[in-house]
Amino acid sequence: MKLIPSEPPFRKRKLPLLPLLLLLCLGLAATGCGNSNDKSPASSASADQGGQPHKLTIMLDWYPNAVHSFLYAAQQNGYFADEGLTVDIQMPADSNDALKLVAAGKVDLALSYQPQVLMARGEQIPVKSVAAIVRHPLNHLMVPADSGIKSPKDLAGKNAGYSSIPLYEAMLKTMVKSDGGDPGAVTLTDVGFDLIPAITTGRVDGIIGGFINHEQLILEKEGHPVISLNPTDYGVPDYYELVLVASDQGLQNSEGYIQKFIQAARKGQQFVADHPQEALNLLLAHEDATAPLDKDIESKSLQLLLPLMDAGSEPFGYQDPASWKKVQTWLSDNGLLNGKVKTAEAFINL
């Protein structure tokens, strides 16, 4: 599929969980329920002493962009090597691939999203978040700056576009209801991946599924300023937009190496925070030919992302159990979670 710069790495977010189950079964059958080349945590030290780096593969959520700067910083500055690792950073053909492939044991780690991890667990797919990367929602409700819409309830009698994903539809309904409006009074239109043209042509009066570090910046650059309304101000829990995911089997086989990966990633993120321009240059050197990056957009994106990735007094990647519980409750209340999911099994702090 040919990509154009206005298509974000975050737009194709549908997660067909039942096909995931089939892929998981096939993957485990092919690999004997685990990669025989993986070492247990107890054997990490001996591998390091042997002088041979241990290879880990990570699948991005989409093409390389500002949010991935910490990975390229860790790779180019030797932080992974310092931990005895060689890391293969891969780009998926489709953003659905990342969670599928880590569940099936085809890659060691993947970038995915907190709600999707919980929904996968609800489908008995054994994936687990090992670090929170972006700690707050990037997906905001966006309306034209001159529309007169000041809050979600003002969408009554109007048309809102969303990007094919039931999660985003539920978010919009929650926002309108929390604001004192009637969700039933809002016409919801599935615009697929055409969020930007849908709002710029007036096809819809607002969009959800667009991200403040991508669509909003593109709209502003193209002369279509928008007001973004944060879902956490209107009843949606403050979820982790991006998380690092492993499989249960992968953690059993390689927890020690995954810990080393996270240690190197923390150094990478610190480098990005201390040297954002240098980190951006490292990223731009790895842009994919099928999805060229706009340096101005990525620079502004990184400025937006850095505070949203900051864990404060906790180390980069820390996950709050209360966050997982709140998101799980909201997903259940909105009919988005199958079965009973134990939040303590959906994440681990390493």
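This text goes with the structure placed above it.
Everything numeric in this text was worked out from a predicted model, so none of it was measured.

Asks: Explanation requested: the packing of helix α11 (residues 276-284) against helix α12 (residues 295-309) in the structure shown.
Replies: Two packed helices can be described by the angle between their axes and the distance between those axes. Interaxial distance between α11 and α12 falls to 11 Å at its minimum, and their mutual angle equals 125 degrees. Compared by their axis directions, α11 and α12 come out oblique. The element α11 and its partner α12 pack so that their crossing is right-handed. Contact residues: Pro276, Gln277, Leu280, Asn281, Leu283 and Leu284 in α11; Lys295, Glu298, Ser299, Leu302 and Leu306 in α12.

Asks: What is the right way to read the environment of Gly206 from this model?
Replies: Among the secondary structure elements, Gly206 is positioned in strand β8 (residues 206-211). Here the alpha-carbon distance between Gly206 and Ser228, two residues 22 residues apart in the chain, equals 9.7 Å.

Asks: Explain helix α6 (residues 114-122) here, please?
Replies: Owing to its 3.6 residues per turn, the α-helix brings residues three or four apart onto one side. Most of α6 is tucked away: 9 of the 9 residues are buried. Inspection of α6 places Gln114, Pro115, Gln116, Val117, Leu118, Met119, Ala120, Arg121 and Gly122 among the buried residues, and these make up the whole buried set. Two residues or fewer after α6 comes Gln124, characterised by a positive phi angle close to 65 degrees.

Asks: Looking at this structure, how should I read the packing of α6 against helix α13 (residues 321-333)?
Replies: Across the interface, α6 lies against α13 with an axial gap of 10 Å and an inter-helix angle of 65 degrees. Put simply, α6 runs roughly perpendicular to α13. Here α6 runs over α13; the crossing is right-handed. Facing α6, whose interface residues are Gln114, Pro115, Val117, Leu118 and Met119, α13 presents Ser323, Trp324, Val327, Gln328 and Leu331.

Asks: Teacher, can you tell me more about the packing of aromatic side chains here?
Replies: Aromatic rings in a pair are described by how distant their centres are and how their planes are angled relative to each other. Scanning the entire structure with this criterion turns up 4 aromatic pairs. Pairing Phe70 with Phe316 gives two aromatic rings, centres 5.5 Å apart and planes at 70 degrees, and the pair type is edge-to-face. Of this pair, Phe70 sits in helix α3 (residues 69-76) while Phe316 sits in the loop between α12 and α13, placing them 246 residues apart in sequence. This pair shows no difference in class: Phe70 is buried, exactly as Phe316 is. With a centroid separation of 4.9 Å and 25 degrees between ring planes, the pair formed by Phe80 and Phe261 is classed as stacked. Here Phe261 lies in helix α10 (residues 248-274) and Phe80 lies in helix α4 (residues 79-82), a separation of 181 residues in the sequence. Look at Phe80 and you get buried, because its relative accessible area is 3%. Judged by its relative accessible area of 1%, Phe261 is buried. Among the aromatic side chains, those forming a connected cluster through ring pairs are Tyr240, Trp324 and Phe347.

Asks: Explain unusual backbone geometry to me, please; I cannot follow it from the model alone.
Replies: With glycine set apart, most residues show a phi of negative sign, and most peptide bonds adopt trans. Positive phi outside glycine occurs at Gln124, with the angle close to 65 degrees. One non-glycine residue with positive phi stands out, namely Ser164, at about 70 degrees. The residue Ser164 is located in the loop between β6 (159-162) and α7 (166-178) in this model.

Asks: Just to check I follow, could you spell out the pairing of strand β10 (residues 242-247) for this structure?
Replies: Looking along a regular strand, one sees side chains alternate from face to face of the sheet. Of all 6 residues in β10, 6 are buried; the element is thus mostly enclosed. Residues of β10 alternate between two faces, with Leu242, Leu244 and Ala246 on one and Val243, Val245 and Ser247 on the opposite face, all of them buried. Here strand β4 (residues 127-134) runs beside β10; their pairing, made up of 6 bridges, is antiparallel. Bridge assignment links Ala131 to a residue of β10, and that residue is Leu244.

Asks: Would you mind going over the pairing of β6 with me for this structure?
Replies: Side chains Asn159 and Gly161 of β6 all project onto a buried face; the interleaved residues Ala160 and Tyr162 project onto the opposite face, where all are buried too. Relative to strand β7 (residues 187-190), β6 runs parallel, the two sharing 4 bridges. Pairing of Tyr162 across the sheet is with Asp190, part of β7. The parallel pair β6 and β7, bridged by α7, forms a crossover whose chirality is right-handed. Pairing analysis gives 3 bridges linking β6 to β8, with the strands arranged parallel.

Asks: Is there a simple way to explain the sheet that holds β8 in this structure?
Replies: Within a sheet, each strand pairs with its neighbour through backbone hydrogen bonds, oriented either parallel or antiparallel. Taken in spatial order, the 5 strands of this open sheet run β7-β6-β8-β5-β9, and their pairing is mixed. If you trace the sheet from one side to the other, it starts and ends with β7 and β9 (226-229), each paired once. If you compare each strand with its neighbour and ignore which way they point, the axes differ by 35 degrees on average. Lying on the sheet, α7 is in contact with β5 (139-144), β6, β7, β8 and β9; it crosses β8 at an angle near 125 degrees.

Asks: Even after reading the chapter, I still don't get the environment of Ala110, so can you show me in this structure?
Replies: Turning to its location among the elements, Ala110 is positioned in strand β3 (residues 109-112). Discounting chain neighbours no more than four positions away, the residues touching Ala110 are Ile58, Met59, Ala98, Val102, Val243, Leu244 and Val245.

Rules used in this analysis
Residues numbered from 1 in each chain as written. Predicted model: local features only at pLDDT ≥ 70, side-chain atom pairs only at ≥ 80, totals over all residues. Heavy atoms only, no water. Axes fitted to C-alpha atoms, helices over the stretch in contact; angles between N-to-C directions. Helix = DSSP H or I, 4+ residues; strand = E, 2+ residues; numbered from the N terminus. Parallel < 35°, antiparallel > 145°, perpendicular 65-115°, else oblique. Left-handed = near helix turned anticlockwise from the far one by under 90°. Contact = heavy atoms within 4.5 Å. Buried < 20%, exposed > 50% of the residue type's maximum accessible area, 1.4 Å probe, protein only. Phe/Tyr/Trp six-rings, centres within 6.5 Å; stacked < 30°, edge-to-face > 60°. Pairing = 2+ DSSP bridges. Right-handed = clockwise from strand over helix to strand, strands pointing away.

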